[in-house]
Amino acid sequence: MNNRLGRNNRLLASISKFLLFIAIASILAGCSILSDEKFDYKSDVLVINDVTGLNSIRVGQVITPTTIEEIITTIKRTEGPISIGGGRYSQGGQIAYLDSLHFDMRNFDKIVNFDPNKKEITVQSGITWRKIQEHIDPKDLSIKIMQTYSNFTVGGSLSVNVHGRYIGEGPVVQSVNQIKLVMADGRLVTASPVENSELFYGAIGGYGGIGVIVEATLQLADNTKVERKTKRMSIGNYKDYFFKNIRDNPDVIFTNADIYPPDYEKVLDVSWFSTDKPVTIKDRLISNDEEYKWGPKVVEFVANYPIGKSLRKNIIDPIYYSFDRIVWRNWEASYDVKELEPSDRSEKTYVLREYFIPVENFDAFIPKMRNIFQKHDANIINVSIRHAHADPGTLLSWANKEVFAFVVYYQQGTNDAAKEKVKGWSVDMIDAVISEGGTYYLPYQILASTDQFLAAYPKAPQYFALKEKVDPNYRFRNRLWKTHYPAETKDFNKNNISQYFRSEEQTLLTIPEWYLVFNPREYADFLDAGNNPSDFPFMASIDEYWRLYDRVTTISDAEGYPPNDEYMTMLNVIGGSTTVEYMIKGAYENTIGRTTRWIANGEDTPEDKVIKEAHRAYSEFIFEKAWYEFDFWGWTGKVWREPSFFGPNFIRKQERKIAFTLEFGFKTLYAKAIGFGAQAVYEESEELIYLTAKNNSFDSSLLPEKVTIIENMGNRFLISLPRWGDFTKIIPVLAEQGFDFIDISGNQRIAVSMLSPTGANINYHYASKLFSSKFVTNKNIERDVYWVGVRNLQALLVDGKNNNQTIEHIYDY
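Residues numbered from 1 in each chain as written. Predicted model: local features only at pLDDT ≥ 70, side-chain atom pairs only at ≥ 80, totals over all residues. Heavy atoms only, no water.

### Brief notes about the sheet that holds strand 5 (residues 101-104)
This is how the line gets drawn: Being paired, for any two strands, means DSSP has found at least two bridges between them. Per the convention used, a helix needs a DSSP run of H or I reaching at least four residues, while a strand needs a run of E reaching at least two, with both numbered from the N terminus. Here an angle of 0 to 180 degrees is reported between the N-to-C directions of two axes, which are lines fitted to C-alpha atoms, with helices fitted over the stretch in contact. Throughout, a contact is declared for two residues whenever any of their heavy atoms are within 4.5 Å.
An order of 3-5-4 is seen for the three strands of this open sheet, with the pairing classed as parallel. Where the open sheet ends on each side, the last strands, each with one partner, are strand 3 (61-63) and strand 4 (82-85). Adjacent strand axes in the sheet meet at a mean angle of 25°, parallel and antiparallel pairs treated alike. Taken together, the three bridges between strand 3 and strand 5 define a ladder with parallel strand orientation. Counted as the bridge partner of Ile-63 is Phe-103 from strand 5. Its contacts with the sheet put helix 2 (residues 68-77) on strand 3, strand 4 and strand 5, and the angle it makes with strand 5 is roughly 175°.

### Here we look at the pattern of salt bridges
We count it as follows: What makes a salt bridge here is a side-chain nitrogen of Lys or Arg within 4 Å of a carboxyl oxygen of Asp or Glu, nothing more. With a 1.4 Å probe rolled over the protein chains alone, any residue whose accessible area is under 20% of its type maximum counts as buried; one over 50% counts as exposed, and the rest are partly exposed.
All chains considered together, the criterion is met by 56 salt bridges. Two residues, Glu-655 and Arg-656, come together in a salt bridge whose shortest N-O distance is 2.7 Å. Arg-656 shares its class with Glu-655; the two are buried. Members of the salt-bridge network, linked through shared partners, are Arg-58, Asp-99, Glu-504, Glu-559 and Arg-749.

### With respect to the packing of helix 10 (residues 362-375) against helix 11 (residues 416-435)
Applied cut-off: Put simply, angles under 35 degrees are roughly parallel, angles over 145 are roughly antiparallel, angles from 65 to 115 are roughly perpendicular, and the rest are oblique. Nonpolar residues are Ala, Val, Leu, Ile, Met, Phe, Trp, Tyr, Cys and Pro. Charged residues are Asp, Glu, Lys and Arg, and all others, Gly as well, are polar.
Their axes nearest at 10 Å, the elements helix 10 and helix 11 cross at an angle of 170°. In terms of their interaxial angle, helix 10 and helix 11 are classed as roughly antiparallel. Along its contact with helix 10, which presents Phe-365, Lys-368, Met-369, Ile-372, Phe-373 and Lys-375, the element helix 11 presents Trp-425, Asp-428, Met-429, Ala-432, Val-433 and Ser-435. The residue inventory of the contact of helix 10 with helix 11, partitioned by class, reads eight nonpolar, one polar and three charged.

### Remarks on the sheet that holds strand 18 (residues 403-413)
Taken together, the eight strands give an open sheet; going across it, the order is 15-12-14-13-17-18-16-19, and neighbouring strands pair in antiparallel fashion. Of all strands in the sheet, those with a lone pairing partner are strand 15 (326-328) and strand 19 (439-440), marking the two edges. Taken strand by strand, helix 11 contacts strand 16 (348-358), strand 17 (380-388), strand 18 and strand 19, and its axis lies near 10° from that of strand 16.

### Comments concerning helix 20 (residues 632-641)
Our working definition: The arc in question is the one traced by the directions running from the helix axis out to the C-beta atoms.
Turning to helix 20, its buried residues are Phe-632, Trp-635, Thr-636, Lys-638 and Val-639. Here the buried residues of helix 20 occupy an arc of 160° about the axis, which is enough to place them on one side. Exposed residues on helix 20 whose side chains face more than 90 degrees from its buried face are Trp-633 and Arg-641.

### Re the environment of Leu-54
Tracing the backbone shows Leu-54 in the loop between strand 1 (46-48) and strand 2 (57-59). What makes Leu-54 buried here is its relative accessible area of 13%. For the pair formed by Leu-54 and Val-351, sequence separation is 297 residues and the distance between their alpha carbons is 9.6 Å. Those residues in contact with Leu-54 that sit more than four places away from it in its chain are Asn-49, Thr-349, Val-351, Gln-412, Thr-414, Lys-419 and Gln-445.

### Details of helix 17 (residues 538-558)
Under the convention used in this document: Multiplying 1.5 Å by the helix residue count minus one yields the expected span of that helix.
For helix 17, with 21 residues, the first-to-last C-alpha span of 30 Å sits near the 30 Å given by 1.5 Å per residue. Among the 21 residues in helix 17, 15 count as buried, and that is most of the element. Immediately beyond the C-terminal end of helix 17, within one or two residues, lies Gly-560, with a positive phi of roughly 85°.

Structural data, given as structure tokens:
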């Protein structure tokens, strides 16, 4: 209900302190306001993040499937966004989408079929390379193409179309015979280079946008012994060396070359050759129990100290590579990311970026890369050169021709300034790559503009056309597609509406504020039922306000929302003033009021009836308007004007007139002060809420009064409607008319209170019940407060009605 505080909140802060002083003094005098010390809220918010810790994304539900049938059933029975995650080693939010249904594929990891004679294996997509290695190593077989590290899942690797250090190979798609996909409509489809090839080349390297890859049939290779050989040289000599000694050498299995920062002048080639010599390490795979004490420390030392990079180039690497090493191919392909994992990523983290340059442009690119890194003082730890042959046809190919890959490993801070610094050199690097006919890799931080994306991936429009065809409702989403997919980027211009966006935590913080609307209504109901005003539980009402205050502030903190000092000031002002009012009124009613009621034999006077009418009018008014706009003085006049001065129960009559005049007279003055302060402090409100929604069968003639369609894009609508009480009345009507809400005030979650029989304990799998709040005069009903995704709001309203719950309020920020 509150508008955003503006330039000057000192007035309300002063009032708040004054009122709280009075409240505290009252407490010390013997009254007790109860806080909710027993309330222990643990956020059940589902947050998906990646290894960098930089991309925390809240999702609505996490499904951990173990069978294809579970995936199909889940897709068929749900609507809305779906995101897909595996090992979580992508580094820019490619695995999640806000409030989506998230498939965590890591338990979907069975081997479906293994044919050693055909050198072929079929696996579920959540399996890691390491688990495959353990299965095939006894048959002297090895994975044909994979990354350096074995922790990655097959599905994730196919989704980003990985490559490795394998010479003579290229993107992983070259080693895939067939995949199975679950599509957006729940169909299970087989795709290969010859069957549904468009889906095959769209899904591999398609970043989860075409369907859920559930199975993959992969080619295998022989597991041979390999010997490490190294050669250091100037960067200017590397390209010729590579083409003369490495590229076409049938004995080379793995190759990479490390460029040493910060001068980027020297490079160390590290290649592995087939050999018959005895192995120097007997293990066929690196042990899962390996402890990595020194690797992370060396990386941190190189990153954090200027001398670290020099020591690495001149001392650490020469010593490390001075020993002969002959191992099995599977051993060299079974590295664990733990060897690089730092002890803490809270303030500094380690991240990758990767760029692909046509081999003929290698020498032209190197000085551009060097200049950019040095200009931005980027903290680059290593640049590793890989090689890949051309991609056979994926729509988002990063290797349209033979390329060198530059894998950049760097350290960055986690604060906003550090992120902006990385963005600066990253954008420059993308421009440099594009200028050399190359591209950048998409699994990392999403910093490129859409223009850069389209320049680097010229077949992206074909990919988008395929996605629109097979996923017309845009179910498969993640942060990459949020940035670049046309259906996502083509949106209403909400920034032109000055009060469109409201802080999401305010849907929580309005709950105690709205209690001061519900409680006067409860008081009016109590009086209308013929009860003695002196019997109303004023102290219990105060307790409930502060109990709600404690709960919503606890929840807001647990959810990680930023402090909202302006709103908290307002809550303390109204809470403090109500506390003082109810303490005084409770003390008065339980002494003088109770005495005059006794003298009147418990009967209502005409003044009592006017007072009932006044409280009913006030309780209805504040559902639609700010309380300080109510005509308190008009009702004060009415209690003197309409009932006769003389009459039965004279003492009660006069006592009621005087008490009511003092109460509403003070409120008249206080309302004028608050109204004046609000005009000075708050931005003038339009008294409107804005939202976007989808409706496939919209009938404008049924649109509720006061609702305005501002703009529409096909079946999507930008809508305005009144705030406060009308908002709660209109939203269920729109839900019944088939509107699916996309966002409300730019937010994805909203609080809703429903009235239920006490102890009913009604829960919904798509909404969290935050707590229940009691009615101080009716023990048979309670207020259940739910926390629901905006996209599930329609379902909650419909299901609540079916469960005989009454919608009390939808808290409109």
